[in-house]
Amino acid sequence: MNAQELSVNLKALYKVFEENEILLTNLDREIGDGDHGVNMLRGFKAVDEKLSGDTISEVLKNCGMTLMSVVGGASGPLYGFSFVKMSQVAEEEISRDNVSKLIEAFKDAVASRGQVSGGEKTMYDVISKVSDALNQGNIPSIEALQQYAEETKDMMATKGRAAYFKEQSIGTIDPGAQSSVWVLDALLSGVR
């Protein structure tokens with residue numbers, strides 16, 4: 001996948017978040033403050049309007065800076081910082097051989113910025129499973145990504161606003177895990 005293809009995929013997330021804004025908002029109302037859908041839509045509307053760059057690295061960095069500047073809540077800094085970190089390890093093209101390095105940078109950025117590890121009902125639970133799959137030579141399908149998000153249903157939140165809900169958080173997909181399905185799909189779809 002070259003820079004132009006990546007740009008197309010990232011800009012297309014605006015429509016994905018437009019279609020799924022209510023779903024994300026409802027998930028976030030159950031175990032958060034209900035703004036995740038609005039925030040992701042606002043962020044990727046700005047990405048659709050402003051994204052630029054001639055290289056993979058430039059596109060990723062520009063996407064990250066755009067998200068950090070317009071998205072509120074925890075998701076803006078987490079996604080924005082992650083895209084900037086991915087830009088630092090990006091090569092000329094995203095290929096089956098190097099996509100694992102990008103996703104590892106994504107995983108590490110979320111772990112350090114969000115101070116999370118696995119099993120805490122966060123976006124990290126999806127990203128780390130994708131990273132593991134890539135390291136074993138498998139590129140997860142959108143269905144596999146969604147399954148990773150579904151698995152957060154059975155977890156009790158211990159991080160972020162959802163942690164206030166304790167046992168009540170069980171039974172709901174983590175909103176960040178759900179949004180990360182679509183972001184990861186945009187990064188992986190060009191190399192499947």
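Residues numbered from 1 in each chain as written. Predicted model: local features only at pLDDT ≥ 70, side-chain atom pairs only at ≥ 80, totals over all residues. Heavy atoms only, no water.

To continue, consider the pattern of salt bridges. Applying the stated criterion to the full structure yields eight salt bridges. Across the salt bridge formed by arginine 161 and aspartate 33, the nearest N and O atoms sit 3.5 Å from each other. Residue arginine 161 is located in the loop between helix H7 (142-150) and helix H8 (175-188), and its partner aspartate 33 is located in the loop between helix H1 (3-31) and helix H2 (36-50); the two are separated by 128 residues in the primary sequence. Across the salt bridge formed by arginine 192 and aspartate 185, the nearest N and O atoms sit 2.7 Å from each other. (Salt bridge = Lys/Arg side-chain N within 4 Å of Asp/Glu carboxyl O. Helix = DSSP H or I, 4+ residues; strand = E, 2+ residues; numbered from the N terminus.)

Attention shifts here to the environment of valine 116. You can see valine 116 is positioned in the loop between helix H5 (99-114) and helix H6 (123-135). Residues within four places of valine 116 in sequence aside, it is in contact with Val110, Ala111, Thr122, Tyr124 and Lys159. (Contact = heavy atoms within 4.5 Å.)

A word on the packing of H5 against H8. Closest axis-to-axis distance for the H5/H8 pair is 11 Å, and the angle between their directions is 155°. Considered as vectors, H5 and H8 are oriented roughly antiparallel to each other. Relative to H8, the crossing made by H5 is right-handed. Counted together, Val99, Ile103 and Phe106 of H5 and Val183, Leu184, Leu187 and Leu188 of H8 form the full contact between these two elements. (Axes fitted to C-alpha atoms, helices over the stretch in contact; angles between N-to-C directions. Parallel < 35°, antiparallel > 145°, perpendicular 65-115°, else oblique. Left-handed = near helix turned anticlockwise from the far one by under 90°.)

Another aspect to go through is the environment of serine 57. As for its placement among the helices and strands, serine 57 is situated in helix H3 (residues 56-70). In the structure, serine 57 is positioned 89 residues away from glutamine 146 in sequence and 27 Å away in space, judged by C-alpha atoms. If we skip the residues at most four places from it in the chain, serine 57 touches Ser87 and Ala90.

On to the packing of H3 against helix H4 (residues 75-87). For any two helices packed against each other, the geometry is given by the interaxial angle and the distance between the axes. Taken N-terminus to C-terminus, the directions of H3 and H4 make an angle of 165°; their axes are 7 Å apart at the nearest point. When the axis of H3 is compared with that of H4, the two are roughly antiparallel. Remark: the crossing between H3 and H4 carries left-handed chirality. Between H3 and H4, the residues in contact are Ser57, Leu60, Lys61, Cys63, Gly64, Met65, Leu67 and Met68 and Gly76, Pro77, Tyr79, Gly80, Phe81, Phe83, Val84, Met86 and Ser87, respectively.

Once that is clear, we can look at the nonpolar core. Leu10, Phe44 and Phe106 are the most contacted members of the largest nonpolar core, which has 53 residues in total. Only H1, H2, H3, H4, H5, H6, H7 and H8 provide two or more residues apiece to this core. (Core = buried A, V, L, I, M, F, W, Y, C linked by side-chain atoms within 4.5 Å. Buried < 20%, exposed > 50% of the residue type's maximum accessible area, 1.4 Å probe, protein only.)

As for its position among the elements, threonine 152 is in the loop between H7 and H8. Judged by its relative accessible area of 0%, threonine 152 falls in the buried class. The residues touching threonine 152, leaving out its near neighbours within four places in the chain, are Lys121, Thr122, Asp125, Thr172, Ile173, Asp174 and Ala177.

Phi at glutamine 115 is positive, roughly 50°, even though this residue is not glycine. Checked against the element boundaries, glutamine 115 lands in the loop between H5 and H6. A positive phi angle is found at lysine 121, which is not glycine, with a value near 65°.

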